[in-house]
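Fold and geometry: a report
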Amino acid sequence: MNTAQRIPILMYHRVDDAHNQWERKYCISPKCFAEHMSALAQSNWQAVSVDDFMAWRQGKKTLPEKAFLISFDDGFKGVYEHAWPILRQYQWPAVMFLVSNLIGQDDAWSKNENPEGRTYPLLNQNEIAEMEQGGFSFHGHSRNHKDLTALNDIELVNETAGCKAELELLGISCRYFAYPYGRFSEREATAVKMAGFEAAFSVQPGFNRSDVDLFRIRRLDIFGTDTSAMLLRKITLGSNDGRLIAWAGYYLNQLKLRLGLG
Ligand SMILES: [Zn+2]
């Protein structure tokens, strides 16, 4: 069996019904999520845990060629209600990044971004504990979901080290971090490292090879509007551009290589 040389990581947010066009990008319907997972399984993709991914990254473990990782940002209750039952059918693990100061509350940071000012419930402690027993692992996504690059140094430490401490108080051994809005530069990556996190997940697209920077792990943005065909092209190309035209270019290159024309 071939082993994985490069591992794609999918990034989802809310799994539920979307109420407007703005929400549709970062919210996927339960039906569409089920179709995504079914399409991946039928194409022989195999979800692995974040710890297995990290062991692979450190050269301590091999993984199957079509290994991939499922990640959810923000910690929405809809993932508990709609995505978890689907993932259990496949016995697929997943990783979720929590906003530590808002456990059991709602996504207050979205209020100003959402054109209708709606907010949605986040997981509470009991739900997190239940999911931890059933394949999910939980890590940090800051304390309040602020853009870290806009904070002063004290606030930055509060949002990174504070997040780790807060989750650990809840009994969540939190070792990895996802940057809110994917926004970071050297200063924020250093703060995350100094807070004691072992790795951080970005929103920069691409595959992860075994030499990927531990504080710049790449992820693919999967939108609520992505069809299963689009998802499969994204995960195969390691790109957020899953349009047919991108796929045709990739396929043509593969074909040229096979024919010795590349
Ligand atoms: Zn987020």
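The coordinates are above.
These lines cover the structure that appears in this document, whether it is placed above or below. As the structure is a computational prediction, the values presented were derived from the model and not from experiment.

Reading guide: rules and limits
Residues numbered from 1 in each chain as written. Predicted model: local features only at pLDDT ≥ 70, side-chain atom pairs only at ≥ 80, totals over all residues. Helix = DSSP H or I, 4+ residues; strand = E, 2+ residues; numbered from the N terminus. Rg over C-alpha atoms; globule rule 2.2 N^0.38 Å. Contact = placed C-beta atoms within 7 Å. Buried ≥ 20, exposed ≤ 12 C-beta atoms within 10 Å, placed from the backbone. Pairing = 2+ DSSP bridges. Expected span 1.5 Å × (residues − 1). Bend = angle between axes of the 7 residues up to and from the residue. Arc of directions from axis to C-beta. Core = buried A, V, L, I, M, F, W, Y, C linked by C-beta atoms within 7 Å. Axes fitted to C-alpha atoms, helices over the stretch in contact; angles between N-to-C directions. Parallel < 35°, antiparallel > 145°, perpendicular 65-115°, else oblique. Left-handed = near helix turned anticlockwise from the far one by under 90°. Nonpolar A, V, L, I, M, F, W, Y, C, P; charged D, E, K, R; others polar. Right-handed = clockwise from strand over helix to strand, strands pointing away.

A few words now on the overall build of the protein. Along the backbone of the protein there are 9 helices and 12 strands. The C-alpha atoms of the protein give 18 Å as radius of gyration, which agrees with the globular expectation for 262 residues (18 Å, within 12%). Overall size of the protein, expressed as C-alpha extent along the three principal axes, is 55 × 40 × 35 Å. Taking the contacts inside the protein whose residues are at least 6 apart along the sequence as the reference set, 61% of them involve residues at least 24 apart.

The next subject is the pairing of strand β2 (residues 9–12). Residues I9 and M11 line one face of β2 and the alternating positions L10 and Y12 line the opposite face, and both faces are buried. In the sheet, β2 pairs with strand β12 (residues 220–221) via 2 bridges, with the strands oriented parallel. Bridge pairing links M11 to D221 in β12.

Quick look at helix α4 (residues 77–90) now. An α-helix turns once every 3.6 residues. As a result, residues three or four positions apart point the same way. With 14 residues, α4 extends 20 Å from end C-alpha to end C-alpha; this agrees with the ideal 20 Å at 1.5 Å per step. Along its length, α4 reaches its greatest deviation from straightness, about 45 degrees, at A83, and the proline P85 lies no more than four positions downstream. At its buried positions, α4 is contacted by β3 (14–15), α2 (30–42), β6 (67–74), β7 (94–98) and α5 (125–132). Where α4 terminates, the next one or two residues include Q91, which has phi positive at roughly 55 degrees.

Another point: helix α3 (residues 50–57). Listed as buried for α3 are V50, F53 and W56. The buried residues of α3 all sit within an arc of 120 degrees when viewed along its axis, so they share a single face. Two residues or fewer after α3 comes G59, characterised by a positive phi angle close to 75 degrees.

On to the nonpolar core. Ranked by size, the top nonpolar core spans 68 residues in total, and within it L10, L69, A94, M96 and A200 carry the most contacts. When near neighbours in sequence (up to four residues on either side) are disregarded, L10 contacts F68, I70, S71, L220, I222 and I235.

On to the packing of helix α6 (residues 153–169) against helix α7 (residues 186–194). Between α6 and α7, the shortest axis-to-axis distance is 9 Å and the interhelical angle comes to 45 degrees. Accordingly, the angle class assigned to the pair α6 and α7 is oblique. α7 is crossed by α6, and the crossing has right-handed handedness. On α7, the residues that touch L156, V157 and T160 of α6 are E188, A191 and V192. Residue classes in the contact of α6 with α7 are distributed as 4 nonpolar, 1 polar and 1 charged.

What follows is about the pairing of β7. Burial of β7 is extensive: 5 of the 5 residues sit out of reach of the surface. Relative to β7, β6 runs parallel, the two sharing 4 bridges. Looking at the pairing, S71 lines up with V95 of β7. What joins β6 to β7 is α4, and the crossover it makes is right-handed. Across 5 bridges, the pairing between β7 and strand β8 (residues 136–140) is parallel. Note on β8: the bridge partner recorded for L98 is G140.

On to the packing of α2 against helix α8 (residues 228–237). Running from amino to carboxyl end, α2 crosses α8 at an angle of 50 degrees, the nearest separation of the two axes being 9 Å. Of the possible angle classes, the one that applies to α2 and α8 is oblique. Handedness of the crossing formed by α2 with α8: right-handed. Facing α2, whose interface residues are E35, H36 and A39, α8 presents S228, L231 and L232. Taken together, the residues of the contact of α2 with α8 sort by class into 3 nonpolar, 2 polar and 1 charged.

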